[in-house]
Amino acid sequence: MNPTKPQLCLFILSGEHETLPEAELCAVLEAEDYAFTIHNRHHRILLLRVDPEGAKIATQRAGLVNHANIVAFESPANEETILHFMKKTKFEQWLKPQSRFGVKITRVKREPNPIDVDELQGKLGSQIWNAMNGSVEVDLVTPDVLFLGVIVGNLFFFGPHLASRDRIGFFQRRSPLRPFFVPSAINPKIARVMVNLSRAAPSDRFLDPFCGTGGLLIEAADIGCFPIGFDIDISILAGCRKNLNHYGFHFNGIIADARVPPIRSKKVKAIATDPPYGRSSSTKGSAVVNLIEKTLTAIAEIIEPKGYLCLALPLEYFKEEIIPTDSFEIVEMHTMRIHRSLQRHIVVLQKKE
Ligand SMILES: C[S@@+](CC[C@H](N)C(=O)[O-])C[C@H]1O[C@@H](n2cnc3c(N)ncnc32)[C@H](O)[C@@H]1O
């Protein structure tokens, strides 16, 4: 476990899914070895007691966490009380003389609130400048410290910003921008969430036994894992290699049937996979349920005890009987709508000891 100095930290979660953003954040903190406790939830806001360094790393790594900041104070969302709490805050713990700072206020719930955000930003900025006796400078473009105010309904949270999601990275890794593309390729944000749910940590051996064009492997490599991929189709595996190399990642790809893994020892730490189900990617003639059942049984032999596996499956193919429960425990399950005719379960399993 990392040495930890927990503080109250606020996370603005993505509104793209009801349960996955919080599950992903908790899984990343676990993978990166940061202890945390859940303090509270308000709409898309999650409050955790956690080391700010862990909060920063988790937000930079996550697909569905938009921002994180330290909570200097929490107050009812009215100007008078906010200004009262501002006076009691010791800004010198984050600012030094000559520091450049900015203040930004955001609303996460579209509810009427009489606060004039632009006016309040100016007032809070002046208070900080006064509290530091004019020794600091306002810089809204490249501040050393950005103070973020978050209005959620009738509550207001304020404190120094720690990190934001890597929007540019996810944009640059979109599947149509890669050298090799097929329509069944997984979206990078969802791939990242699945890698994170597998609790993979930097330098772990990460496996996708149905790797296709490498969507999950690229995300695993991007967080510093050693990516291993199996695919039964030689041309797809060649395309997968091109994609990983395109982003500068080393790739250990093997032409193999996932039901007969060409690895013997229990050296794989984390697995995430998006198996074929015969719509946009071929199962090569196998019945989907049978293919998954056999793959899970085989994979149980190569994943480390206590290692995690994250699996995406259309609802119609998920039955608890396909999980070899003598080898795996079901840890969590989320349902996700991909489009009108496709809903998937994202299932997380843990290998028993
Ligand atoms: C849904 S796609 C994977 C998509 C991948 N996540 C991506 O981002 O491109 C499933 C892949 O499984 C491969 N496949 C089908 N049957 C297989 C088997 N028995 N063993 C290994 N790979 C198989 C297919 O060739 C296909 O590339």
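All residue numbers refer to positions counted from 1 along the written sequence of the respective chain. Reporting in this predicted model follows two pLDDT cut-offs: at least 70 for local features of residues, and 80 or more for side-chain atom pairs to be given and counted; totals over whole chains, interfaces and linings ignore these cut-offs and use all residues.

S.K.: Would you mind going over the domain arrangement of the protein with me for this structure?
M.R.: Split by domain assignment, the protein resolves into domain 1 (7-164) and domain 2 (168-351). Where each domain begins and ends follows an automated or database-derived domain assignment. The C-alpha-based centres of domain 1 and domain 2 are spaced at 35 Å. Numbering of helices and strands runs from the N terminus; a helix is a DSSP stretch of H or I covering at least four residues, while a strand is a stretch of E covering at least two. Here the side of domain 1 that touches domain 2 gets seven residues from one element, more than from any other, and that element is helix H1 (residues 20-31). Lys, Arg, Asp and Glu make up the charged group, whereas Ala, Val, Leu, Ile, Met, Phe, Trp, Tyr, Cys and Pro make up the nonpolar group; the residues left over, Gly among them, are polar. Grouping the amino acids of the side of domain 1 that touches domain 2 by side-chain chemistry returns seven nonpolar, three polar and four charged.

S.K.: Looking at this structure, how should I read the environment of Ser 327?
M.R.: Mapping Ser 327 onto the fold places it in the loop between strand E14 (303-314) and strand E15 (328-339). Spatially, the C-alpha atoms of Ser 327 and Arg 192 are 25 Å apart, while their sequence positions differ by 135 residues. The contacts of Ser 327, once residues within four sequence positions are left out, are Ala 300, Lys 351 and Lys 352. Any residue pair is listed as a contact if its two C-beta atoms, each placed from the backbone, are within 7 Å.

S.K.: Would you explain the packing of helix H6 (residues 188-197) against helix H7 (residues 215-222) in this entry?
M.R.: The geometry of a pair of packed helices is captured by two quantities: the angle between their axes and the separation between those axes. It is at 8 Å that the axes of H6 and H7 come closest, and there the two elements cross at 65 degrees. In the packing of H6 onto H7, the handedness of the crossing is right-handed. Where H6 approaches H7, its residues Pro 188, Ala 191, Arg 192, Met 194 and Val 195 are matched on the opposing element by Gly 215, Leu 216, Glu 219 and Ala 220. Among the residues forming the contact of H6 with H7, the class breakdown is six nonpolar, one polar and two charged. Helix axes use the C-alpha atoms of the stretch in contact, all axes being lines fitted to C-alpha atoms, and the angles between their N-to-C directions lie in the range 0 to 180 degrees. Definitions for this section: a left-handed crossing has its near helix turned counterclockwise from the far helix by less than a right angle. A right-handed crossing has that turn clockwise.

S.K.: Explanation requested: the packing of H1 against helix H2 (residues 52-61) in the structure shown.
M.R.: Where H1 contacts H2, the axes come no closer than 9 Å and their chain directions differ by 120 degrees. Judged by the inter-axis angle, H1 sits oblique to H2. H1 and H2 meet at a crossing whose hand is right-handed. Listed contacts from H2 to Leu 25, Val 28 and Leu 29 of H1 are Gly 54, Ala 58 and Arg 61. Taken together, the residues of the contact of H1 with H2 sort by class into four nonpolar, one polar and one charged. Orientation labels follow simple angle bins: below 35 degrees gives roughly parallel, above 145 gives roughly antiparallel, 65 to 115 gives roughly perpendicular, and whatever is left gives oblique.

S.K.: Help me understand the nonpolar core, please; the structure alone is not making it clear to me.
M.R.: By size, the foremost hydrophobic cluster in this structure holds 97 residues, and its most contacted members are Phe 11, Met 194, Ala 220, Leu 309 and Cys 310. Setting aside its immediate chain neighbours within four residues, Cys 310 contacts Met 194, Leu 197, Ser 198, Ala 272, Ile 346 and Val 348. Buried Ala, Val, Leu, Ile, Met, Phe, Trp, Tyr and Cys residues form a nonpolar core when they are connected through C-beta atoms within 7 Å. With C-beta atoms placed from the backbone, a residue is labelled by how many other C-beta atoms lie within 10 Å of its own: buried for 20 or more, exposed for 12 or fewer, partly exposed between the two.

S.K.: Please clarify how the sheet that holds strand E12 (residues 252-255) should be interpreted in this entry.
M.R.: Neighbouring strands of a sheet are bound in pairs by backbone hydrogen bonds; such pairs are parallel or else antiparallel. In this description, strands pair whenever DSSP reports at least two bridges between them. The seven strands are arranged E12-E11-E10-E13-E14-E16-E15 in an open sheet whose pairing can be described as mixed. A strand with exactly one partner marks an edge of an open sheet, and here the two such strands are E12 and E15. Across this sheet, the average inter-strand angle for adjacent strands is 15 degrees, counted without regard to direction. When E14 meets strand E16 (residues 342-351), the two strands line up antiparallel, connected through seven bridges. Pairing of Leu 311 across the sheet is with Val 347, part of E16.

S.K.: I tried to follow the pairing of strand E2 (residues 36-42) on my own but got confused; where do I start?
M.R.: A regular strand carries its side chains on alternate faces of the sheet. Across six bridges, the pairing between E2 and strand E3 (residues 45-50) is antiparallel. In the sheet register, His 42 faces E3, and the bridge partner there is Ile 45. The turn linking E2 back onto E3 is made up of two residues, and His 43 within it adopts a positive phi angle of 50 degrees.

S.K.: So what exactly am I meant to see when it comes to H6 here?
M.R.: The α-helix winds at 3.6 residues per turn, so residues separated by three or four positions along the chain end up facing the same way. With 10 of 10 residues buried, H6 lies mostly within the body of the structure. Of all the positions in H6, only Pro 188, Lys 189, Ile 190, Ala 191, Arg 192, Val 193, Met 194, Val 195, Asn 196 and Leu 197 are classed as buried. Once H6 finishes, Arg 199 follows within two positions and takes phi at roughly 55 degrees, a positive value.

S.K.: Where do I start with the environment of Pro 160 in this structure?
M.R.: Positionally, Pro 160 belongs in strand E9 (residues 155-164). With 20 C-beta atoms counted inside 10 Å, the residue Pro 160 sits in the buried group. In the structure, Pro 160 is positioned 14 residues away from Leu 146 in sequence and 5.8 Å away in space, judged by C-alpha atoms. Discounting residues that sit within four places of it in the chain, Pro 160 has contacts with Asn 69, Ile 70, Trp 94, Val 145 and Phe 147.

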